[in-house]
There are 2 protein chains.
Amino acid sequence: MNLETSLSTEEAILAAARKVFESKGFDGARMQEISDRAGINRALLHYYFRTKEKMFERIFDEALERFMPLLSTWDQDLEESWELKLKRFIIKFITFLKTNSMLFLLREIIRKPELLASKTEKHRKKLNKFVLYFDRLKQERLIRSDVDSRYIYVIIHSLCSFPLMNGIVFSYSLRISPKEYDELMTGYPEIISDLLIQLLKYQKN
Amino acid sequence: MNLETSLSTEEAILAAARKVFESKGFDGARMQEISDRAGINRALLHYYFRTKEKMFERIFDEALERFMPLLSTWDQDLEESWELKLKRFIIKFITFLKTNSMLFLLREIIRKPELLASKTEKHRKKLNKFVLYFDRLKQERLIRSDVDSRYIYVIIHSLCSFPLMNGIVFSYSLRISPKEYDELMTGYPEIISDLLIQLLKYQKN
DNA sequence: TAGTATTTTAACAATTCTGTTAAAAGTAAA
DNA sequence: TTTACTTTTAACAGAATTGTTAAAATACTA
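What you see is a predicted model; the values in this text were computed from it and never measured.

Engineer: I tried to follow the overall build of chain A on my own but got confused; where do I start?
Structural biologist: Looking only at helices and strands, one finds 12 helices and zero strands in chain A. If one aligns the C-alpha atoms of chain A with their principal axes, the spans along those axes are about 70 × 45 × 30 Å. Counting only residues that meet the buried cut, chain A has 50% of its 205 residues in that class. When contacts within chain A are restricted to residue pairs at least 6 apart in sequence, those whose partners lie at least 24 apart make up 67%. A total of about 10,100 Å² of accessible surface is found on chain A, and carbon and sulfur atoms cover 52% of it.

Take a look at the structure:
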């Protein structure tokens, strides 16, 4: 067995599969297109991954694994200010989103909601750290307390995710090229960080 | 020809198609499932709509036509305050989103970006009304002028769209049932209206 | 009610796609 | 160089899916 070559073939397949699944979704993806992109015979896909489904799961799992570490931002050390934590999260999140993995995950979860429960089983505990952290901030009077932390959760994630997922549509609506939209978006993390901080700061009425 | 009956069959098919296309997407949709849902023979789909593609286009067009009127919110009459306009828009937008049409449109545009240009041709002019309107508000010193109107556009649309598109994931992350999430979301339009108004109000520094 | 047009169905044709298999090509080691 | 093992390919089988067609059922009109 030539381990080196074998690995690189597998890697080539995975890279191609990622691209195709991300842009076409599971249903729209074609094994033929994946093998073409990887520059190999279609039968090799089955040699390495057995079925389309198994290959898909591998891609899905990997996308999820890349995402999950972001959540540890909300581990409760209060050394770092919440403003910094927030900025850090937004930048990391948006960087992740630029890989297109997020729209992929979302689309496939909607196609097959069982994926959510089965695949995030082991990360279950991580999921509600955000809310715990923000509730704590409220207790400590560090942020305003009149907005449900769950809304804050939804707002922050929406502000990060959607502008990237929806880039094609936004650039079209704003009548600028996708390239110009990307350029515009370089300033975006900074802007929403500032706006969110402004909004969340504790305010004595 | 029995016009009445014919229409209702066509309507039944369209309703079924809408449902299936919206939940499965073009690639995942099956003609069989659509005809089953409509309670008719599969060949009838072709009798009425010729091909899957044509049927899809009909559904797509109709979703777009339902959406486009929302944009006239930003026609420039300055009678109504911008705060009220904004609230009105958010409520109408979120109502529309609850029909699932938006995720459908977005997903299919990503699958086939040409749809965007070809299908919105005739609405082209409407698309940049938002930015014009907000630029005007800035000139008149009615809102803060230090945030690019295009960011405001992106922010508002993201805050409206994503919480509904991503409902399944959010409810899972927040560890509440989809039903509870829906209930939580009844308060959402109010919240973001208020937050956005707070944020955008003109502030002398 | 008879005749005509429309709507609906069952059966079939054609294509597309996934997955299998047996053989060829390539690699490594004795 | 021969042998054994791994990787790759071409050809094929089977299933699923879209689209067609001819005939049956239904509705409409004179």
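Engineer: Is there a simple way to think about the protein's contact with DNA strand C in this case?
Structural biologist: Around DNA strand C, the structure places 19 residues, and the nearest of them are Arg30(A), Arg42(A), Asn41(B), Tyr47(B) and Tyr48(B). Protein-proximal atoms of DNA strand C, defined as those within 4 Å of the protein, fall in sugar or phosphate at a share of 64%. Note that a phosphate oxygen of DNA strand C is positioned 3.2 Å from one of the backbone N or O atoms of Met31(A). Between His46(A) and DNA strand C, the recorded distance is 3.3 Å, taken from a side-chain N or O atom to a phosphate oxygen. Here the surface near DNA strand C gets four residues from one element, more than from any other, and that element is helix α3 (residues 42-49) of chain B. In the surface near DNA strand C, the residues fall into nine nonpolar, six polar and four charged.

Engineer: I'm lost on the relation of the copies chain A and chain B in this one. Help?
Structural biologist: Relating the two copies of this chain is a rotation about some axis coupled with a shift parallel to it. By a simple turn and slide, chain A fits onto chain B: the slide is 0.1 Å along the axis, the RMSD is 0.1 Å, and the turn is 180°. Taken together, these values place the two copies in the relation of a two-fold axis. The residues that chain A uses at the interface reappear at the interface of chain B in 98% of cases, marking a shared surface.

Engineer: Before we go on, may I ask you to explain the nonpolar core in this structure?
Structural biologist: A general feature of soluble globular proteins is that nonpolar side chains tend to end up buried together. Ranked by internal contacts, the top residues of the largest apolar core, which has 150 residues, are Phe21(A), Phe134(A), Phe21(B) and Phe134(B). If sequence neighbours within four positions are ignored, Phe21(A) has contacts with Phe26(A), Ala29(A), Ile34(A), Lys52(A), Met55(A), Phe56(A), Ile59(A), Phe104(A) and Arg107(A).

Engineer: When you look at the domain arrangement of chain A in this model, what are you seeing that I'm missing?
Structural biologist: By convention, interface size is frequently given as the accessible area that disappears when the constituent parts associate. Residues and elements named next belong to chain A. Split into domains, chain A comes out as domain 1 (3-50) and domain 2 (62-200). Inter-centroid distance (C-alpha atoms) of domain 1 to domain 2 is 30 Å. Taken residue by residue, the interface counts nine residues in domain 1 and nine residues in domain 2. Where domain 1 abuts domain 2, roughly 620 Å² becomes buried across the two surfaces, and 44% of that area is made up of carbon and sulfur atoms. Considering only the surface of domain 1 that becomes buried against domain 2, Arg18, Glu22 and Phe26 emerge as the three largest contributors, covering 65% of it. Between Glu62 and Arg18 there is a salt bridge whose closest N-O contact spans 3.5 Å. For the pair domain 1 and domain 2, the number of links is three residue pairs in polar contact (both at pLDDT 80 or more). Among the residues making up the side of domain 1 that touches domain 2, the classes are represented as three nonpolar, two polar and four charged.

Engineer: What should I look at first to understand the side chain of Ser173(B) in this one?
Structural biologist: You can see Ser173(B) is positioned in helix α10 (residues 167-173). Exposure remark for Ser173(B): the relative accessible area of 8% places this residue in the buried category. Here Tyr153(A) takes part through its side chain, which lies 3.5 Å from a polar atom of the side chain of Ser173(B). If we ignore the near neighbours within four places in the chain, the residues touching Ser173(B) are Leu127(A), Asn128(A) and Tyr153(A).

Engineer: Help me understand the packing of helix α9 (residues 149-165) of chain A against helix α11 (residues 178-186) of chain B, please; the structure alone is not making it clear to me.
Structural biologist: The packing of two helices is summarised by the inter-axis angle and the distance between the axes. Between α9(A) and α11(B), whose axes approach to 11 Å, the crossing angle comes to 90°. Viewed along their axes, α9(A) and α11(B) adopt a mutual orientation that is roughly perpendicular. Of α11(B), the residues touching α9(A) (which contributes Arg150(A), Tyr151(A) and Val154(A)) are Tyr181(B), Leu184(B) and Met185(B). Taken together, the residues that form the contact of α9(A) with α11(B) break down as five nonpolar, no polar and one charged.

Engineer: Can you walk me through the packing of aromatic side chains in this structure?
Structural biologist: Each aromatic ring pair is specified by the distance between its two centres and by the angle formed by the two planes. With the rule as written, the count across this model stands at 43 aromatic pairs over all chains. Relative to Phe130(B), the ring of Trp74(B) has its centre 4.9 Å away and its plane inclined at 80°; by these criteria the two rings are edge-to-face. Residue Trp74(B) is located in the loop between α4 (52-67) and α5 (82-97), and its partner Phe130(B) is located in helix α8 (residues 129-139); the two are separated by 56 residues in the primary sequence. A relative accessible area of 2% places Trp74(B) in the buried class. A cation over an aromatic ring shows up here: Arg111(B) above the ring of Phe56(B), its NZ or CZ 5.2 Å from the ring centre. When the ring centre of Tyr172(A) is taken as origin, the NZ or CZ atom of Arg124(B), which lies over that ring, is 4.6 Å away.

Cut-offs and rules
- Residues numbered from 1 in each chain as written.
- Chains lettered and ligands numbered in written order.
- Predicted model: local features only at pLDDT ≥ 70, side-chain atom pairs only at ≥ 80, totals over all residues.
- Heavy atoms only, no water.
- Helix = DSSP H or I, 4+ residues; strand = E, 2+ residues; numbered from the N terminus.
- Buried < 20%, exposed > 50% of the residue type's maximum accessible area, 1.4 Å probe, protein only.
- Contact = heavy atoms within 4.5 Å.
- Areas by Shrake-Rupley, 256 points an atom, 1.4 Å probe, with all protein chains shown as cover.
- Near = heavy atom within 4 Å.
- Polar contact = N/O pair within 3.5 Å; in protein donor to acceptor, adjacent residues only side chain to side chain.
- Nonpolar A, V, L, I, M, F, W, Y, C, P; charged D, E, K, R; others polar.
- Least-squares fit on C-alpha atoms with pLDDT ≥ 70 in both.
- Core = buried A, V, L, I, M, F, W, Y, C linked by side-chain atoms within 4.5 Å.
- Domains from an automatic or database assignment.
- Buried area = accessible area lost by both parts, 1.4 Å probe.
- Salt bridge = Lys/Arg side-chain N within 4 Å of Asp/Glu carboxyl O.
- Axes fitted to C-alpha atoms, helices over the stretch in contact; angles between N-to-C directions.
- Parallel < 35°, antiparallel > 145°, perpendicular 65-115°, else oblique.
- Phe/Tyr/Trp six-rings, centres within 6.5 Å; stacked < 30°, edge-to-face > 60°.
- Lys NZ or Arg CZ within 6 Å of the ring centre and 35° of its normal.

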